[in-house]
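Notes for the structure review
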Amino acid sequence: MDLLALTDFNLVARHGGFGKAARASGRPKATLSRRVAELEAALDLRLFERGARVLKLTEEGRALHERTGALLAEIGETAAAISAGGERPRGRFRVSAPLLFSQTAMGKLAAEYALRHPDVRLEVTTEDRAVDMVEEGYDLVIRVNPDPDESLIGRPFLHDRLVVVANPDLPRSTEVPIRAVVRASDRATSWAVSTETGRSDIAVDPILRLSSLTMIRDAVRAGVGAGRLPVSLVSHDLAAGRLVHWGDVVGSDIALWALYPSRRLLSARVSAFLDLLKHAFPRAEPEELAAYLG
């Protein structure tokens, strides 16, 4: 594939027409039209629908633009940075992060990143689902205990674990199930926990089902029932005596990973964000997240 023709195609697609692309780039309109036609012939695909006044991407053209536009832009940025003697983060940077981490930490992290790198336009979206980074145009995603994916590389930057906590006034019985606040999808009838005295099972009666961990924490604080929550989210409550610790949930280790596509260059934007995570959580411990939030 002719990379110059591909570059011209993306230029026209980005500006929405040959005339606009020619004016923006200083390239002759006829040259851009010829290069796009040559690319279409080489691929045996129609990339644009050409009307009297409108130029629209075909479905194939849109897919090609989405998959190659960011790559070519990143290559151009890298070449420009190297020729300038350094890589200064600049351009658009899209991040996907899970709900709880977004609600608690991403606002502060995003602000720090923006202050450090004013030439970057950072966009953070909250997604608990597994997004397709290439298809949806993300530069980096943060995920909890992600499944192995050969197309992605990354590193864990934070560890956490679940604990069972309750309001100090909530009675705890070994004879009847304890009142519990659980996630909406949780159908467990008991919780396996470990304490200094060993492992045990706590029978639970879910009297309240909520969709977010922050809501569960607030309900547990109010004394509705016990709950399973991340250490980082309740560390301050435990220290202040607003909640008491009933045990660590067995097998509940949590790792937050920062992931990015292995087939793409590691841009200065991604490297800078990874450095920020390392600075914020140097030991990757849940207490560090609690301190960061506090």
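Residues numbered from 1 in each chain as written. Predicted model: local features only at pLDDT ≥ 70, side-chain atom pairs only at ≥ 80, totals over all residues. Heavy atoms only, no water.

1. A short note on the overall build of the protein chain
- For the protein chain, the count of helices and strands is 10 helices and 13 strands.
- Against the compact-globule benchmark of 19 Å for 294 residues, the protein chain has a radius of gyration of 26 Å, which places it well outside the compact range.
- Across its three principal axes, the protein chain shows a C-alpha extent of roughly 85 × 40 × 30 Å.
- For the protein chain, buried positions account for 42% of its 294 residues.
- Pairs at least 24 apart in sequence give 74% of the contacts found in the protein chain among residues at least 6 apart.
- Accessible area of the protein chain: about 15,800 Å², with a carbon and sulfur share of 52%.
- Separation of charge centres in the protein chain, based on 39 positive and 39 negative side chains, amounts to 7 Å. (Helix = DSSP H or I, 4+ residues; strand = E, 2+ residues; numbered from the N terminus. Rg over C-alpha atoms; globule rule 2.2 N^0.38 Å. Buried < 20%, exposed > 50% of the residue type's maximum accessible area, 1.4 Å probe, protein only. Contact = heavy atoms within 4.5 Å. Areas by Shrake-Rupley, 256 points an atom, 1.4 Å probe, with all protein chains shown as cover. Lys, Arg positive; Asp, Glu negative; His and termini not counted. Charge placed at Lys NZ, Arg CZ, Asp CG, Glu CD.)

2. A closer look at the sheet that holds strand S5 (residues 140-144)
- Sheet architecture is open: five strands sit in the order S4-S3-S5-S13-S6, paired in mixed fashion. At either margin of the open sheet sits one strand with a lone partner, and together these are strand S4 (120-126) and strand S6 (152-160). Neighbour-to-neighbour, the strand axes of this sheet turn through a mean angle of 20°, independent of strand direction.
- Both strand S3 (residues 91-97) and S4 contribute to a ladder of seven bridges, which runs parallel. Across the sheet, residue alanine 97 finds its bridge partner in S4, namely threonine 126. (Pairing = 2+ DSSP bridges. Axes fitted to C-alpha atoms, helices over the stretch in contact; angles between N-to-C directions.)

3. A look at helix H2 (residues 18-25)
- Taken residue by residue, H2 has Phe18, Gly19, Ala21 and Ala22 as its buried positions. Along the axis of H2, the buried positions cluster into a sector of 165°, meaning they face one direction only. Within H2, the exposed residues directed more than 90 degrees away from the buried face are Arg23 and Ala24.
- Looking at the packing, one finds that the buried side of H2 touches helix H1 (3-15), helix H3 (29-43), strand S1 (48-50) and strand S2 (55-57).
- Two residues or fewer past H2, glycine 26 is found with a positive phi of approximately 75°. (Arc of directions from axis to C-beta.)

4. Examining the pattern of salt bridges
- Under the counting rule described, the total for this entry stands at 17 salt bridges.
- Linking arginine 129 and glutamate 136 is a salt bridge whose minimum nitrogen-to-oxygen distance equals 2.7 Å.
- For arginine 129, a relative accessible area of 40% gives the class partly exposed.
- A residue is classified by how much of its surface remains accessible, and glutamate 136, at 28% relative accessible area, is partly exposed.
- Each of the salt bridges in this network shares a partner with another, and the network as a whole consists of Arg217, Asp218, Arg221, Asp237 and Arg242. (Salt bridge = Lys/Arg side-chain N within 4 Å of Asp/Glu carboxyl O.)

5. Observations regarding the nonpolar core
- Counting 32 residues, the largest nonpolar core has Phe101, Leu109, Leu140, Ile142, Phe157 and Phe281 as the members making the most contacts within it.
- Elements supplying a minimum of two residues to this core: S3, helix H5 (99-116), S5, S6, strand S13 (254-261), helix H9 (268-280) and helix H10 (286-293).
- The element that contributes the greatest number of residues to this core is H9, accounting for seven residues.
- Sequence-distant contacts of leucine 109, that is, excluding residues within four places in its chain, are made with Phe101, Leu276, Leu277, Ala280, Phe281 and Tyr292.
- Within the second largest apolar cluster, 17 residues are counted, among which are Leu32, Leu39, Leu47 and Phe48. (Core = buried A, V, L, I, M, F, W, Y, C linked by side-chain atoms within 4.5 Å.)

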